[in-house]
Amino acid sequence: MSRPEDILPPDLFYNDNESRKYTKSSRIRNIQANMTSRALELLDLKSPSFILDLGCGSGLSGEMLSEVTPEEGGPHTWIGMDISPSMLDVALQREVEGDLFLADIGQGVPFRPGTFDAAISISAIQWLCNAETSDVTAEGRLRRFFEGLYASLRRGGRAVCQFYPKNDVQRSMISGAAIKAGFGAGILEDDPGTKSSKLYLVLTVGGGGLTGDITGVVNGMDDVSVLDARRKAAEINNARGPPRKGDKAWILHKKEQMAKKGKVVKASSKYTGRKRRIAF
Amino acid sequence: MKVITANFVTCAVKECKTSPASFPLHFQDAELEQQELDFQPEFIRNILPRIDWEALRTISNELGFPSLPDSKPEGDALENEQTLRDLHRLLLETQVTEGKLTCGNCGHSYMIKEGIANFLLPSHLV
């Protein structure tokens, strides 16, 4: 299947024609609506909030933010950013309630620190993995984006970004950049292994009554199994147990102890702790 | 662009991030429009602590509104529905449809057309 990301940069790919097609297609609208409601569920907002929509396009996702009923904690006020003028033009014609910006999220997020309660992004951030000119890099664009986003969210805020990574490299590049910016990050995958699998990057900003990361977010949700890569790594470490007497780790430990006492200790090398070869 | 947004947006140029003069951005040649929206007292109460009152006074002066009170309404004043309605009218219903936003530090102007601000930067400013 061809990926629009591989064809043209977003501001050129979504021209008047593509933008209209995208917004009119009932299939796309359906998928977008489902993903937005899932993202809202993950954001778990209790009261009318101030939300940033990154890559808002024609406002398909923003529209749903304005439509959340008061019983569910809405309606929310939102600001949308998108790089495609044609998409924003369609949004204008559809008279969405949010405030719109023509901006490149890879150039940063130009808001005061602590502005937003939450951020949402539907099918947008994989575009950041493409550098369109030689003076920018994908890593640099991702870094600027996540640093800006981290600063503009208030403490205890959350961001949910649904994205389509091309492969595992892109997936880890995006989540790695988010973690470097300071977010607590986790990925939620819906319908894994199927063609319609959807990835949600759930980002949390520490403080303000919210503890932990995505595992706290999905706590209490049905049909979610948690695969914690960190726990697995810790288990492997623990399974090895303390170093046994005579093995390399034990020898190195003893040598360190002796060196600390001021004794003369032979230098360690790759041969330390190995058996001598049999002489004959 | 709504007035509430103008109270949060800063200059996107990298050098301006550290300068206090880059906020608020100053309106020039602004054309205004009123858009009716549902009144949400709860949202106003939620957002008010985050509003920079000095900046809001500056902005409303530039847009030619009667001057606001010296200090931000707090505590009991938030129970007064008329205060909240006035804030709702100013923050959410007032929109700048055409004009320019200028940074006080670098002097860069962001154009506003049909209510959409253009924050795309040439690559040497990023």
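Sequence order sets the numbering: in each chain, residues are counted from 1 along the sequence as written. By the order in which they are written, chains take letters starting at A while ligands take numbers starting at 1. Whole-chain, interface and lining totals are the exception, using all residues; otherwise, since this is a predicted model, local features are given only for residues with pLDDT of at least 70 and side-chain atom pairs are given and counted only at 80 or more. Heavy atoms throughout the structure, all of them, feed into the side-chain values; hydrogens and water do not.

## What about the overall build of chain B?
A tally of regular secondary structure across chain B gives 4 helices and 4 strands. The N-to-C order of helical and strand elements in chain B reads α-β-α-α-α-β-β-β. When we talk radius of gyration, it's over C-alpha atoms, and the globule rule is simply 2.2 Å times the number of residues to the 0.38. In summary, chain B has a C-alpha radius of gyration of 15 Å against a globular reference of 14 Å for 126 residues, a match within 12%. Dimensions along the principal axes, computed over C-alpha positions, put chain B at roughly 50 × 30 × 25 Å. Relative accessibility decides the category of a residue: with a 1.4 Å probe and only protein chains considered, values under 20% of the type maximum give buried, values over 50% give exposed, and everything between is partly exposed. The 126 residues of chain B split such that 48% are buried. Contacts between residues were defined by any pair of non-hydrogen atoms, one from each residue, lying within 4.5 Å. For chain B, long-range pairs separated by at least 24 residues make up 69% of all intrachain contacts whose partners lie at least 6 apart in sequence. Under this rule, positive means Lys or Arg and negative means Asp or Glu; His and the chain ends count for nothing. Positions of charges follow a simple convention, taking NZ of Lys, CZ of Arg, CG of Asp or CD of Glu. Across chain B, the centroid of the 11 positively charged side chains sits 6 Å from that of the 19 negatively charged ones. In DSSP terms, a helix is any run of H or I states spanning at least four residues, a strand is any run of E spanning at least two, and both are numbered starting from the N terminus.

## Points about the overall build of chain A
Regarding its fold elements, chain A presents 10 helices and 7 strands. In chain A, which comprises 280 residues, the share counted as buried stands at 47%. Computed with a 1.4 Å probe, the accessible areas rest on the Shrake-Rupley method; for each residue, only the protein chains presented here act as cover. Element-wise, carbon and sulfur atoms account for 52% of the exposed surface of chain A, whose accessible area totals about 15,500 Å².

## A short note on the pattern of salt bridges
We define a salt bridge as a side-chain nitrogen of Lys or Arg found within 4 Å of a carboxyl oxygen belonging to Asp or Glu. Under the defined criterion, the tally for this structure stands at 17 salt bridges over all chains. Of the charged contacts in the structure, one is a salt bridge between Arg154(A) and Asp117(A), with a shortest N-O distance of 2.7 Å. You can see Arg154(A) sitting in strand S5 (residues 153-163) and its partner Asp117(A) sitting in strand S4 (residues 116-122), a full 37 residues away along the chain. A residue is classified by how much of its surface remains accessible, and Arg154(A), at 32% relative accessible area, is partly exposed. Linking Asp70(B) and Arg57(B) is a salt bridge whose minimum nitrogen-to-oxygen distance equals 3.1 Å. Pair noted here: Asp70(B) is in the loop between helix H3 (53-62) and helix H4 (81-93) and Arg57(B) is in helix H3, with a separation of 13 residues, a long-range link. Look at Arg57(B) and you get partly exposed, because its relative accessible area is 23%. Salt bridges here are not isolated pairs; linked through shared partners, they connect Arg38(A), Glu41(A) and Asp190(A).

## Focus: the sheet that holds strand S4 (residues 116-118) of chain B
A pair of strands is treated as paired once DSSP finds two or more bridges between them. The strand order across the open sheet built from 11 strands is S6(A)-S7(A)-S5(A)-S4(A)-S1(A)-S2(A)-S3(A)-S4(B)-S3(B)-S2(B)-S1(B), with neighbouring strands paired in mixed fashion. Among the strands making up the open sheet, the edge pair consists of strand S6 (184-190) of chain A together with strand S1 (26-34) of chain B. The average angle at which neighbouring strand axes cross in this sheet is 20°, direction not considered. Strand direction decides the pairing type here: strand S2 (residues 94-102) of chain B and strand S3 (residues 109-113) of chain B, joined by 4 bridges, are antiparallel. Each residue of the ladder has a partner; that of Thr102(B), found in S3(B), is Ser109(B). The angle between two axes is taken between their N-to-C directions and runs from 0 to 180 degrees, where each axis is a line fitted to C-alpha atoms and a helix contributes only its stretch in contact.

## Examining the UniProt feature "domain: Methyltransferase" (unreviewed entry) in chain A
UniProt positions are given in the numbering used here, feature names are shortened, and annotations may be inferred rather than shown by experiment. The UniProt record annotates "domain: Methyltransferase" (unreviewed entry) at residues 51-138 of chain A. Between the C-alpha atoms that bound residues 51-138 of chain A there is a distance of 26 Å. The span itself is 19% helix and 24% strand.

## Some remarks on the interface of chain A and chain B
When the parts come together, some accessible area is lost, and that loss is often what is quoted as the size of the interface. Taken together, the contact pairs 30 residues of chain A with 31 residues of chain B. For the pair chain A and chain B, the summed buried surface comes to about 2,700 Å²; carbon and sulfur atoms form 56% of the total. Linking chain A to chain B there are 1 salt bridge. N or O atoms closer than or at 3.5 Å make up a polar contact, with two conditions inside protein: a donor-capable atom paired with an acceptor-capable one, and, for residues adjacent in sequence, both atoms drawn from side chains. Counting across the interface, chain A meets chain B through 15 residue pairs in polar contact (both at pLDDT 80 or more). Buried area: the sum, over both parts, of the accessible surface (1.4 Å probe) that disappears when the two are put together.

## Notes on the packing of aromatic side chains
The aromatic pairing rule takes the rings of Phe, Tyr and Trp, using the six-membered ring of Trp, and pairs them if the centres are within 6.5 Å, calling planes under 30 degrees apart stacked, those over 60 edge-to-face and the rest tilted. Taken as a whole and assessed by the stated rule, the structure comprises 14 aromatic pairs over all chains. Centre to centre, the rings of Tyr14(A) and Trp127(A) are 6.0 Å apart; their planes meet at 65°, and the pair counts as edge-to-face. With Tyr14(A) in the loop between helix H1 (10-13) and helix H2 (16-24) and Trp127(A) in the loop between S4 and helix H6 (138-152), this pair connects stretches of sequence that are 113 residues apart. Accessibility assignment for this pair places Tyr14(A) and Trp127(A) in one class, buried. Between the aromatic rings of Phe111(A) and Phe116(A), the centroid separation amounts to 5.0 Å while the plane-to-plane angle is 80°, which identifies the pairing as edge-to-face. As far as the burial class goes, Phe111(A) and Phe116(A) line up, both buried. Members of the aromatic cluster, each reached through a chain of ring pairs, are Phe50(A), Phe101(A), Phe111(A), Phe116(A), Phe8(B), Phe43(B), Tyr110(B) and Phe119(B).

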